Amino acid sequence: MKKIILIIILITISASCNQQKDKQLKKEPIKEVIYKKPQLNNKSANYLYHFAYDCIDKEYPNKLGQVLGDASYLKEPSELHPAFYGCFDWHSSVHGHWALLNILKELPNFEQRVEILQKLQKNITKENILKEVQYFDDNYNKTFERTYGWAWLLKVAETLRDWNTKEAIEMFENLKPLVNLVEEKYIEFLPKLKYPIRVGEHPNTAFGMSFALDYAKKYSPKLEKIINEKAKEYYLNDKGCPINWEPGGFDFLSPCLQEASLMLKVLPVEDYIVWLDAFLPNFRNNPSQYLEVAKVTDRSDGKLAHLDGLNFSRAWCLYEMGTTLKNKKMINLANKHFNYSYHKMDSGEYAGAHWLASFALYAVLKSN
């Protein structure tokens, strides 16, 4: 009998404790951590610019990615690509130039302005660009940098055309033959691409189209029309994107978010919300439930270092979506992703240093 009474007392005490805990939880909900939003200012620009500045004229190590037609193709990178030979590979060199141009565009009085302009103007000359065009016209390399490098080249062109300075006008005139060629390549290629490429690396179709569309909306109506049509053809009926499968081990792009970013630029906001709720159910309400920051285990490994880039590219997509939809949860999740990788770029490992600053800067610009 005493045992029974003791058990009843213990059960009563336990129930009382649980009720008190429930009350405390109701009274004191778990507070969401608010992450700091990045800013572009002299301090952050001084941190970011040197990554690109140090490598746009650094020829080696170098990954060419070319097809050899015969022995005559064996040349130094600076001979093959006199404008964009640095930063390990062609596309990284291009977006390294983009990063430097945007720092100067956004901060006209940046203290390193003169030195940066000298490097940019040395590379983006009429003669150098015509040699780049010749390479892209080569029979064996017509698909070179399709479409990742093409997209970044149009980003450079967009910046130069938006930036109304004597230097920018001159550099765009020099770059124009290559810009025209890339536009033509896009216009020729997209109608032939029946199925989109949905990976987390360079060939991702949504990424390339999203960047190209930014340029096309301002400066190429024909390309804009094709991208809008193909985006709807590829993605309008997509539902239930498996974002919980992400990331892949080598990803620097989120297949789901890149697609969502592109469709944000294609659809009216009201239609976009309907599409997004089918594409990523409940994501608007609780985005952090589906995404955690990506962790890098070895920054000396170029492929594993991609995941820092993923944090930045996720951030810029979330900034785009969050800003348009007035969704503070998306913006805070973007801040979390950005802050995790921002100071880790300066690890001393060239595997990330040759390209990550461009991704970080693009995210910063989208945050504002």
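Up top is the structure.
All of these numbers come straight from a predicted model, not from anything done at the bench.

Conventions used here
Residues numbered from 1 in each chain as written. Predicted model: local features only at pLDDT ≥ 70, side-chain atom pairs only at ≥ 80, totals over all residues. Heavy atoms only, no water. Helix = DSSP H or I, 4+ residues; strand = E, 2+ residues; numbered from the N terminus. Expected span 1.5 Å × (residues − 1). Buried < 20%, exposed > 50% of the residue type's maximum accessible area, 1.4 Å probe, protein only. Arc of directions from axis to C-beta. Contact = heavy atoms within 4.5 Å. Axes fitted to C-alpha atoms, helices over the stretch in contact; angles between N-to-C directions. Parallel < 35°, antiparallel > 145°, perpendicular 65-115°, else oblique. Left-handed = near helix turned anticlockwise from the far one by under 90°. Nonpolar A, V, L, I, M, F, W, Y, C, P; charged D, E, K, R; others polar. Salt bridge = Lys/Arg side-chain N within 4 Å of Asp/Glu carboxyl O.

Colleague: Which residues make up helix H7 (residues 148-162), and what values go with them?
Modeller: For an α-helix, 3.6 residues make a turn, and residues three or four places apart therefore share a direction. Relative to the 21 Å expected for 15 residues at 1.5 Å per residue, H7 spans 21 Å between its end C-alpha atoms, a close match to the ideal helical length. The buried fraction of H7 amounts to 13 of the 15 residues, a majority that puts the element mostly inside the structure.

Colleague: Could you give an account of helix H12 (residues 269-279), with specific residues and numbers?
Modeller: Three or more residues of H12 are buried, namely Tyr 272, Trp 275, Leu 276 and Phe 279. Take H12 and look down its axis: the buried residues cluster within an arc of 100 degrees, on one side only. In this structure, H12 carries Glu 270 and Val 274 as exposed residues pointing more than 90 degrees from its buried face. In this structure, the buried residues of H12 make contact with helix H10 (221-235), helix H11 (255-266), helix H13 (306-325) and helix H14 (328-342).

Colleague: Before we move on, could you go through the packing of helix H4 (residues 90-106) against helix H5 (residues 113-123) and cite the residues and values that matter?
Modeller: Geometrically, a packed helix pair is captured by the angle between its two axes and the distance between the axes. Closest axis-to-axis distance for the H4/H5 pair is 10 Å, and the angle between their directions is 140 degrees. As far as their axial angle goes, H5 and H4 are oblique. Crossing of H4 over H5 shows left-handed handedness. Counted together, His 97, Leu 100, Leu 101 and Leu 104 of H4 and Arg 113, Ile 116, Leu 117, Leu 120 and Asn 123 of H5 form the full contact between these two elements. Class assignment for the residues of the contact of H4 with H5 results in six nonpolar, two polar and one charged.

Colleague: Please give an account of the pattern of salt bridges that cites residues and values.
Modeller: All chains considered together, the criterion is met by 19 salt bridges. In this structure, Glu 320 and Lys 265 form a salt bridge, with 3.7 Å as the shortest nitrogen-oxygen distance. Here Glu 320 is found in helix H13, whereas its partner Lys 265 is found in helix H11, with 55 residues between them in sequence. With a relative accessible area of 8%, Glu 320 lands in the buried category. Taking the relative accessible area as the measure of exposure, Lys 265 reaches 15% and is therefore buried. Through salt bridges with shared partners, a single ionic network connects Lys 155, Glu 158, Asp 162, Asp 214, Lys 218, Lys 265, Glu 320 and Lys 366.

Colleague: Kindly report on the packing of helix H9 (residues 205-219) against H11, identifying the contributing residues and their values.
Modeller: Two elements in contact, H9 and H11, have axes whose closest approach is 8 Å; the angle formed by their N-to-C orientations is 25 degrees. Judged by the angle between their axes, H9 and H11 are roughly parallel. The crossing of H9 and H11 is left-handed. Judged by residue contacts, Ala 206, Phe 207, Met 209, Ser 210, Leu 213, Asp 214 and Lys 217 of H9 engage Gln 258, Glu 259, Ser 261, Leu 262, Lys 265 and Val 266 from H11. Among the residues forming the contact of H9 with H11, the class breakdown is six nonpolar, three polar and four charged.

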